[in-house]
Amino acid sequence: MGSRWCRLVGAILAGVFIFHGFVHSEKAPNYSFVKEATSAPAIVRYDYIIIGGGTSGCPLAATLSQGARVLVLERGGSPYNNPNITNIANFAASLEDTSPTSPAQQFVSQDGVFNARARVLGGGSALNAGFYTHASPNYVKEAGWNQTLVNQSYEWVERLVAFRPPMLEWQSAVRDGLLEVGVSPNNGFTYDHVYGTKVGGTIFDANGHRHTAADLLQYADPRRITVYLHATAHNILFTYNNGTTRPRANGVIFKDVLGMEHRAYLSKNSMNEIIVSAGALGSPQLLMLSGIGPAEQLRAHGIKVVVDQPMVGQGMADNPMNALFVPSPLQVEVSLIQTVGITRFGSYIEAASGFGFAYSWAQGLYKHFGLLLNQTEQEAMNKAGEAINAVANATIRGGVILEKIKGPLSTGHLDLRSTNPNDNPAVTFNYFKEPEDLQRCVQGMNTVIDVINSKAFSKFRYGSMPVQALINLMVSLPMNLRRRHVSAAISMEQFCLDTVMTIWHYHGGCQVGSVVDRDYKVVGVEALRVVDGSTFLASPGTNPQATVMMLGRYIGEKILLEKYSHGRK
């Protein structure tokens with residue numbers, strides 16, 4: 001019972017990010033090259049083998065197929081035949097699904113925070129809130145990327161998957177509240193990451209269709225690409241007689257859904273490569289399973305050490321999120337995150353409204369309000385009850401205003417639990433280990449409170465319901481498995497620590513400068529790269545998905561240019 005409660009509470013908070021209300025099944029693209037791995041021959045050969053058809057892997061594969069033969073190994077299924085993905089109205093169902101074939105593989109970090117990793121073609125873009133925004137110019141500069149190619153790569157992505165969201169009353173009130181409390185200027189609608197308040201993009205179109213990174217495979221040359229679904233990579237193979245002192249990646253062992261083993265090898269060409277794009281958990285996990293990682297840990301699991309690389313699995317970070325639910329006396333539109341306040345102190349303020357969940361959950365929320373509000377606030381409690389009981393089409397009257405900190409500075413590590421690639425590794429994010437992260441959360445939550453108390457937002461909250469009641473509510477809900485302290489209701493520092501949640505922006509484990517170089521080549525071996533969010537030192541912008549998709553296109557273009565230049569010599 002407790003575990004089910006925790007899963008569904010996670011779905012509630014996930015639900016705050018949905019653009020609920022549209023029910024429209026998107027017609028699947030006619031991808032003749034997407035096949036079940038059970039149809040794969042025992043041995044195949046390609047110029048590039050990409051492990052992971054996710055947010056970065058799909059644009060990377062589509063780009064490389066313009067000049068080479070490409071194989072993509074995706075451990076999950078298609079996003080197009082799953083209405084829980086394609087229909088926004090079913091959003092929370094994906095996160096509640098705990099079946100072995102769920103597109104969202106749930107895990108709990110060692111910090112006691114509920115989380116999930118994607119297991120589907122399109123990766124996290126098939127599960128997330130859909131917010132679309134660029135990294136800042138400073139982030140691009142620090143990453144060593146070419147700004148012109150970055151801009152071109154973003155535009156390439158946006159032609160297929162990015163849209164302008166509607167801005168109705170509740171979101172407009174949040175926007176105006178942010179401006180009123182000093183998160184300025186008003187930057188209007190923009191993909192750019194700039195200080196102040198803005199409206200960002202979305203991967204949901206006007207009909208409620210989700211457009212995932214898998215849509216970018218429309219750019220692929222169908223004659224040069226094969227995508228195998230339910231193809232789980234078990235380890236990367238290496239050769240040692242290549243004329244160098246370093247091992248060279250030359251193949252991948254993968255299994256289909258029936259457990260049959262297949263092998264994919266690189267065609268004979270010095271420019272061909274294996275590229276790992278399995279995500280911030282999957283990529284460091286697969287490197288370790290393949291013998292690249294901390295030698296002591298690998299030997300403890302009986303894994304032959306190819307390269308002793310102690311930094312694999314290090315630098316794991318997850319941007320902490322904290323939030324307040326605000327019941328409304330008025331009907332509100334159903335909205336995902338559209339308005340964002342980008343503060344100068346390192347916190348991002350975001351909001352969503354009218355999220356839906358089952359009637360029993362509305363009753364549960366009402367019960368918590370009843371326990372929290374004292375007799376002198378009985379009228380406020382009754383009004384909150386009215387709002388929460390006004391469950392029309394499973395939609396709550398109210399919304400959530402949240403803060404997420406930039407960076408973060410606090411980092412942790414990832415360790416293998418077993419040699420089974422289907423098992424989640426153990427990951428520790430060390431939320432708020434660095435005092436500056438905690439201070440940013442406190443400032444962010446104080447800004448959230450200021451917005452709730454602003455004149456611009458006043459018609460969407462009960463004036464007789466103090467913010468303290470909203471804080472008490474969040475403290476009482478089982479949002480994570482962390483210890484609750486009595487002081488969490490009166491100390492914003494303790495509130496941040498006790499009620500921390502994920503916003504699914506975790507990254508690290510194969511970071512640039514330690515595990516991979518500036519070209520994303522794995523240090524110490526040949527013909528192996530990592531291209532995904534595991535390489536990030538910090539999360540880009542207010543939401544990383546646009547930059548992760550951009551990175552796939554960007555590196556694909558760089559690889560093809562390198563291949564072309566080498567061919568001319």
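Here, every reference points to the structure presented above.
So, how was this worked out
Residues numbered from 1 in each chain as written. Predicted model: local features only at pLDDT ≥ 70, side-chain atom pairs only at ≥ 80, totals over all residues. Heavy atoms only, no water. Helix = DSSP H or I, 4+ residues; strand = E, 2+ residues; numbered from the N terminus. Buried < 20%, exposed > 50% of the residue type's maximum accessible area, 1.4 Å probe, protein only. Contact = heavy atoms within 4.5 Å. Areas by Shrake-Rupley, 256 points an atom, 1.4 Å probe, with all protein chains shown as cover. Pairing = 2+ DSSP bridges. Axes fitted to C-alpha atoms, helices over the stretch in contact; angles between N-to-C directions. Core = buried A, V, L, I, M, F, W, Y, C linked by side-chain atoms within 4.5 Å. Disulfide = S-S within 2.5 Å. Expected span 1.5 Å × (residues − 1). Polar contact = N/O pair within 3.5 Å; in protein donor to acceptor, adjacent residues only side chain to side chain. Phe/Tyr/Trp six-rings, centres within 6.5 Å; stacked < 30°, edge-to-face > 60°. Lys, Arg positive; Asp, Glu negative; His and termini not counted. Salt bridge = Lys/Arg side-chain N within 4 Å of Asp/Glu carboxyl O.

1. Things to note about the overall build of the chain
Then comes step 1: From N to C terminus, the chain includes 15 helices and 26 strands.
Then comes step 2: Split into buried and exposed, the 569 residues of the chain put 62% on the buried side.
Then comes step 3: Looking at the chain alone, contacts between residues at least 24 apart form 74% of all its contacts between residues at least 6 apart.
Then comes step 4: When the accessible surface of the chain is totalled, it reaches about 21,100 Å², and 51% of it is carbon and sulfur.

2. Considering the sheet that holds strand β26 (residues 528–530)
Then comes step 1: Reading across from one edge, β1-β11-β4-β3-β15-β26 is the order of the 6 strands in this open sheet, with parallel pairing throughout. Where the open sheet ends on each side, the last strands, each with one partner, are β1 (34–36) and β26. Direction aside, the axes of adjacent strands within the sheet are offset by 20° on average.
Then comes step 2: As paired elements, strand β3 (residues 48–51) and strand β4 (residues 70–73) share 4 bridges and run parallel to each other.

3. With respect to the nonpolar core
Then comes step 1: By size, the foremost hydrophobic cluster in this structure holds 151 residues, and its most contacted members are W145, L217, I292, L324, I401 and L528.
Then comes step 2: Looking at this core element by element, the count peaks at 9 residues for helix α15 (residues 545–568).
Then comes step 3: With near-sequence residues (within four places) excluded, W145 lies in contact with Y139, V140, V150, Y520, F536, T547, M550, L551 and Y554.

4. Let's talk about the state of the cysteines
Then comes step 1: Tallying each qualifying case throughout the model produces 1 disulfide.
Then comes step 2: Shown here is the disulfide that connects C441 with C496, its sulfur atoms set 2.1 Å apart. Between C441 and C496, the disulfide has an S-S torsion of -95° and is therefore left-handed. Linking C441 in helix α12 (residues 435–452) with C496 in helix α14 (residues 492–498), this pair joins segments that are 55 residues apart in sequence.
Then comes step 3: Owing to a relative accessible area of 0%, C496 belongs among the buried residues under this scheme.

5. Quick look at the sheet that holds strand β24 (residues 426–428)
Then comes step 1: Within the open sheet, the 3 strands sit side by side as β18-β23-β24. Their pairing is antiparallel. One side of each edge strand has no neighbouring strand; the edge strands of this open sheet are β18 (314–316) and β24. Each neighbouring strand pair of the sheet contributes to a mean axis angle of 35°, computed without reference to strand direction.
Then comes step 2: Judged from the 3 bridges that link them, strand β23 (residues 412–415) and β24 form a sheet pairing that is antiparallel.

6. Here's the deal with helix α6 (residues 147–161)
Then comes step 1: With 15 residues, α6 extends 21 Å between its outermost C-alpha atoms, agreeing within 8% with the 21 Å of an ideal straight helix rising 1.5 Å per residue.
Then comes step 2: For α6, every residue scored as buried is listed here: L149, V150, S153, Y154, W156, V157, E158 and V161.
Then comes step 3: Here α6 starts with a cap whose side-chain oxygen sits 3.0 Å from the backbone nitrogen of T148, and that cap is N146.

7. Details of the packing of aromatic side chains
Then comes step 1: For the structure shown, the criterion picks out 14 aromatic pairs.
Then comes step 2: Between F107 and Y506, the aromatic rings sit 5.7 Å apart at their centres with planes inclined by 85°, giving edge-to-face as the arrangement. In this pair, F107 sits in strand β5 (residues 104–108) while Y506 sits in the loop between β25 (501–502) and β26, placing the two residues 399 residues apart along the sequence.
Then comes step 3: Classification of F107 as buried rests on a relative accessible area of 7%.
Then comes step 4: Y506 gets classed as buried once you look at its relative accessible area, which sits at 15%.
Then comes step 5: Summarising the aromatic geometry, the rings of W156 and Y219 are spaced 4.2 Å apart at their centres and angled 20° between planes, so their arrangement reads as stacked. Remark: Y219 occurs in the loop between β10 (201–202) and β11 (225–229) and W156 occurs in helix α6; sequence separation between them is 63 residues.
Then comes step 6: What makes Y219 partly exposed here is its relative accessible area of 23%.
Then comes step 7: One aromatic cluster is present, built from ring pairs that chain together F107, F429, Y431 and Y506.

8. Quick word on the side chain of R553
Then comes step 1: Relative to the helices and strands, R553 resides in helix α15.
Then comes step 2: Taking the relative accessible area as the measure of exposure, R553 reaches 15% and is therefore buried.
Then comes step 3: Separated by 3.2 Å, the side chains of R553 and T63 make a polar contact.
Then comes step 4: What R553 contacts, discounting residues up to four positions off in sequence, is P59, L60, T63, S153 and W156.

9. A closer look at the side chain of D47
Then comes step 1: Tracing the backbone through its elements, the reader meets D47 in the loop between β2 (43–46) and β3.
Then comes step 2: It is K563 that comes nearest to the buried, bridge-free D47 among opposite-charge side chains, at 5.2 Å.
Then comes step 3: Among the polar contacts made by the side chain of D47, one reaches the main-chain amide nitrogen of R69 at a distance of 2.9 Å.

10. Observations regarding the pairing of strand β21 (residues 347–353)
Then comes step 1: Counting buried positions along β21 gives 7 out of 7 residues, so the element sits mostly inside the fold.
Then comes step 2: Side chains S347, I349, A351 and S353 project from β21 onto one buried face, and the interleaved Y348, E350 and A352 project onto a second face that is buried too.
Then comes step 3: Connecting the antiparallel pair strand β20 (residues 339–342) and β21 is a turn made up of 4 residues, with G346 showing a positive phi of about 95°.
Then comes step 4: Pairing geometry for β21 and strand β22 (residues 398–405), over 7 bridges, is antiparallel. Bridged to S353 within β22 is G399.

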